[in-house]
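Here is what each chain is made of, one letter per residue.
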Amino acid sequence: LCGRAILTTRMSGVEAVLGPDAFYVEPQPQPQNLVQGLMECAQTPRTNLNRRGAAIRHRVLAEFSWEKQGARLAGFLEAVCTAAETTPELELLAA
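This one's a predicted model, so the numbers in the text were calculated from it and none came from an experiment.

Draft legend 1. Representation of the environment of L38. Positionally, L38 belongs in helix α2 (residues 31-43). In this structure the C-alpha to C-alpha distance between L38 and R51, which are 13 residues apart in sequence, comes to 18 Å.

Draft legend 2. View of the pattern of salt bridges. Summed over all chains, the structure comprises three salt bridges. Across the pair E15 and R10 runs a salt bridge, and its minimum N-O distance is 3.1 Å.

Draft legend 3. How the structure looks around the environment of T44. On the secondary structure map, T44 appears in the loop between α2 and α3 (46-63). Other than its neighbours up to four places away in sequence, T44 contacts F23 and L49. Separated by 2.6 Å, the side chain of T44 and the backbone oxygen of E40 make a polar contact.

Draft legend 4. Seen up close, the confidence of the model for the protein chain. Here the protein chain averages 88 in pLDDT, and 92% of its residues register 70 or above. Mean pLDDT values over the elements of the protein chain span from 58, in helix α5 (residues 91-94), up to 95, in α3.

Criteria and cut-off values
Residues numbered from 1 in each chain as written. Predicted model: local features only at pLDDT ≥ 70, side-chain atom pairs only at ≥ 80, totals over all residues. Heavy atoms only, no water. Helix = DSSP H or I, 4+ residues; strand = E, 2+ residues; numbered from the N terminus. Salt bridge = Lys/Arg side-chain N within 4 Å of Asp/Glu carboxyl O. Contact = heavy atoms within 4.5 Å. Polar contact = N/O pair within 3.5 Å; in protein donor to acceptor, adjacent residues only side chain to side chain. pLDDT = per-residue confidence, 0-100.

Here it is in structure tokens:
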């Protein structure tokens, strides 16, 4: 959230949070993957790094606020409860 460009892997849903402005490396434990990602960052003009960092910060604050995350969780729980009420196999969840 500091507005800096980020170098990371696509593991664990990070790409869904950071979006297209982050720099990504393949998650295999190959040193050349990290070196290649670091070289890409090092060769990127500072203005582009700043733009990407600001875009990531904006995306995270806009899409993943406590309010939005709470609404997503509430919607998910409501869907689970509705499914539990209408699906005999899930009756235990509704009790």
